[in-house]
Amino acid sequence: MFRRIDKAADTVAITFDGIPMRVDTEQTVAAALLSQGISTLRRSVVGDRPRAPYCLMGVCFECLVTIDGIQNRQACMTVVRDGMAISSQSGARSLDEGC
Amino acid sequence: MALRIIDDLHLLDREYDLAIIGAGPAGMAAAAQAAAAGARTILLDENPAPGGQIYRSIERNSPARRSFLGNDYWKGKGVLKAFLQCDAAYLPQALVWSVEQGETDGKAAVELRVSAGGKSSIVHARRVVFATGAMERPMPVRGWTLPGVMTIGAAQIALKSSGLVPDGRVVLAGSGPLLYLFADQLLQAGGNLVAVLDTTPRSNWAKALPFLPPFLVSPYLLKGLALFAKVRRSVPVFTGVGTIEVIGQDRATAIRFQAKGRTEEIGIDSAFLHQGVVPNNSLANATGCLLAWNDRQKCFQPELDTCGRSSLPAIYVAGDGGGIGGALVAEVGGRIAALAACLDLFPEKTRRIGPLLAKHEKRRRVLSRGRTFIDTLYQPAVAFRAPTDLETIACRCEEVTVGAIRDAAARNVVGPNQLKTMLRCGMGPCQGRMCTATITEILADVQQRSPAEIGTYRLRTPIKPVPLREFASLPLTPDAVQAVTGDHSDRS
């Protein structure tokens, strides 16, 4: 959905739903995924519809993902780190998946 | 002297004179001003770097690399420099999720609960300045929840902070100064902008005209006209756009709209929406500051005196979080609130602080010239504030439609808080941020009452979801122990 107009100094390795990718450092998880052409990060809780980051400033909570086993993290407020494992969320959360 | 950057909650002092929340222009200026006045100051901010949204990534960006961000953006370098050189503490990537005003030895004292690095802690301060900035007013249209649709503010954040430009065919839709500013930035950065849909009601021009004279001296007049002309030369601009619908199954593929009585449809890869900005007042609301309806800007904002003092004696609000005025007004507002707090903390310094305060208040009056014109001209159309399309989703989290809200409103629901319990609107993770404006305006529209009378959601802490383990690990205060166990002994 987005492309970068310039290159960052360094990259880190992350995975999204198990797929490995290298992304520029010093950016948020949401920006990193958008730059890889990934916009749908979850399916909605009530209607099971695809949702994507919307406000990119921590207000809308549309970009909630699971990061390193912790659910409901705001992808737009979390900076990428080497080795980060990110996964999409589908529907409502449950306690046994980590809290 | 230099800013002390704190990266661990253990390194916090036991108490500060002043805590400032938010590192945009208001927060950075407040920190520099308070530190200069001798207050032990800490600034806490949720983002990894200072700048807020308007000066996002200002530390890292340079005019050489990203000149298209424009001169108003580079003005942020000045306030950033003063902040980086000031004698304050700075805790980035820290979420202040609760603020409680209490008393210590008969004097006002504030307790802030802060989450950083997966842990929560308590920060004590004698005074607090909320510099929480603005957020975009929701623009509920059919299809606005589809991937491929974002706010214009979001697209600008992606550009400023990561150098990201939307791929493929882009349409911008909405109203407000940001519409043409971002259209121009996007074109300069190589984006494929195929149309701008301007929803500013034509009738706004007549309403705004009486307020034009003070705006004529504003530097924003020439800038605005130049931007408008420049964008029009490069891209089809549709003005007076009445209704908008985004079309697509699993992502946006087209945008349909009405302009000049005709229905048009344009194929897109992404659409960006914008209806101006409103104060981000979640923290003020949850802390218990009184809010008031601003009928010109169509939003709730904290009730403040001219120096930013809220209805709670230890809480001050500066910048757009207290009422929309833009970056330069926010910067001066930050200085004013910081000085007012210092005046209240150190009455013995009145002779030094008083004249400074007067000087900045005068400067703010000058900078605010022309604001009424901008507010009146860009007052969003009713169609986007109180939508009538029954299928449109109003509450994105709980997927509550305009139809459900209008139906409940017609059955004499008392207000937004009762509506919550009936429909669950405002009860998802965003805690009502994305629907509160729409809910208030729809209730006002259906029940023919003023938005001031309808009110807004009463928010509770934590203002954002915090893991339970962080709650559990907080130190217990003697008061908390007594409240639960009835035991007076100090077990914390």
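Up top you'll find the structure we're talking about.
Scoring rules and cut-offs
Residues numbered from 1 in each chain as written. Chains lettered and ligands numbered in written order. Predicted model: local features only at pLDDT ≥ 70, side-chain atom pairs only at ≥ 80, totals over all residues. Heavy atoms only, no water. Pairing = 2+ DSSP bridges. Helix = DSSP H or I, 4+ residues; strand = E, 2+ residues; numbered from the N terminus. Buried < 20%, exposed > 50% of the residue type's maximum accessible area, 1.4 Å probe, protein only. Axes fitted to C-alpha atoms, helices over the stretch in contact; angles between N-to-C directions. Left-handed = near helix turned anticlockwise from the far one by under 90°. Contact = heavy atoms within 4.5 Å. Nonpolar A, V, L, I, M, F, W, Y, C, P; charged D, E, K, R; others polar. Salt bridge = Lys/Arg side-chain N within 4 Å of Asp/Glu carboxyl O. 1 Å grid on protein atoms, 1.4 Å probe; cavity = no way out; pocket = protein on both sides within 12 Å on 5 of 7 lines; lining within 4 Å. Points joined across faces, edges and corners; volume = space filled by probe spheres on them.

Novice: Explanation requested: the sheet that holds strand β9 (residues 89–90) of chain A in the structure shown.
Specialist: Pairing between the strands of a sheet comes from backbone hydrogen bonds, and it takes one of two forms, parallel or antiparallel. Residue and element names in this part refer to chain A. The 3 strands are arranged β5-β4-β9 in an open sheet whose pairing can be described as mixed. The strands lining the two open edges of the sheet, one partner per strand, are β5 (50–51) and β9. Bridge analysis of strand β4 (residues 42–43) against β9 gives 2 bridges, and the strand direction is parallel. Looking across to β9, one finds that Arg-42 is bridged to Gln-89.

Novice: Just to check I follow, could you spell out unusual backbone geometry for this structure?
Specialist: Residues other than glycine predominantly adopt negative phi, and peptide bonds predominantly adopt the trans conformation. Here the amide bond leading from Thr461(B) into Pro462(B) is cis, since omega sits at -5°, within 30 degrees of zero. Tracing the backbone through its elements, the reader meets Pro462(B) in the loop between α17 (451–454) and α18 (468–472). Positive phi outside glycine occurs at Leu56(A), with the angle close to 55°. By the secondary structure assignment, Leu56(A) is in the loop between β5 and β6 (64–67). On the accessibility criterion, Leu56(A) (5% relative accessible area) is buried. With a phi angle near 60°, Ser57(B) is a residue other than glycine that sits in the positive phi range. You can see Ser57(B) is positioned in the loop between β3 (41–44) and α2 (71–74).

Novice: Whenever I open this one, the packing of helix α4 (residues 152–162) of chain B against helix α5 (residues 177–188) of chain B confuses me. Can you help?
Specialist: For any two helices packed against each other, the geometry comes down to the angle between their axes and how far apart the axes lie. Residues and elements named next belong to chain B. Look at α4 against α5: their axes get within 10 Å of each other, and the N-to-C directions meet at 35°. Considering how the two elements wind past one another, α4 and α5 form a crossing that is left-handed. Together, Ile-152, Gly-153, Ala-155, Gln-156 and Leu-159 of α4 and Leu-178, Leu-179, Leu-181, Phe-182 and Gln-185 of α5 make up the contact between the two elements. For the contact of α4 with α5, the per-class residue count stands at 7 nonpolar, 3 polar and no charged.

Novice: Whenever I open this one, the pattern of salt bridges confuses me. Can you help?
Specialist: As a working rule, side chains carrying opposite charge can pair if their charged atoms are close by. Throughout the structure, instances matching the rule amount to 37 salt bridges over all chains. For Arg3(A), the salt bridge goes to Asp167(B), with nearest N and O atoms at 3.2 Å. You can see Arg3(A) sitting in strand β1 (residues 2–4) and its partner Asp167(B) sitting in the loop between β10 (164–166) and β11 (169–175), one on each of two chains. The partly exposed category is assigned to Arg3(A), whose relative accessible area is 32%. Since its relative accessible area comes to 33%, Asp167(B) is described here as partly exposed. The residue Arg40(B) makes a salt bridge to Glu15(B) at a minimum N-O spacing of 3.0 Å. Of this pair, Arg40(B) sits in the loop between α1 (25–36) and β3 while Glu15(B) sits in strand β2 (residues 15–21), and the two are 25 residues apart along the sequence. Look at the salt bridges and you will find they share partners, linking Arg4(A), Asp6(A), Asp24(A), Arg65(B) and Arg66(B) into a network.

Novice: Help me understand empty space enclosed by the protein, please; the structure alone is not making it clear to me.
Specialist: Leftover empty space is mapped by rolling, across the atoms, a probe with the size of a water molecule. Residues and elements named next belong to chain B. The final tally for this structure, using the stated rule, is 4 cavities of 30 Å³ or more. Of the pockets and cavities examined, the largest cavity occupies roughly 250 Å³. Taken together, 20 residues form the lining of the largest cavity, with Pro-279, Asn-281, Thr-436, Ala-437 and Thr-456 sitting closest to its centre. Going through the elements one at a time, β18 (277–279), α9 (282–287), β19 (291–294), β20 (299–302) and α16 (436–447) are the ones with two or more residues in the lining of the largest cavity. Of all the elements, α16 adds the most residues to the lining of the largest cavity, at 3 residues. Of the residues contributing to the lining of the largest cavity, the split by class is 11 nonpolar, 8 polar and 1 charged.

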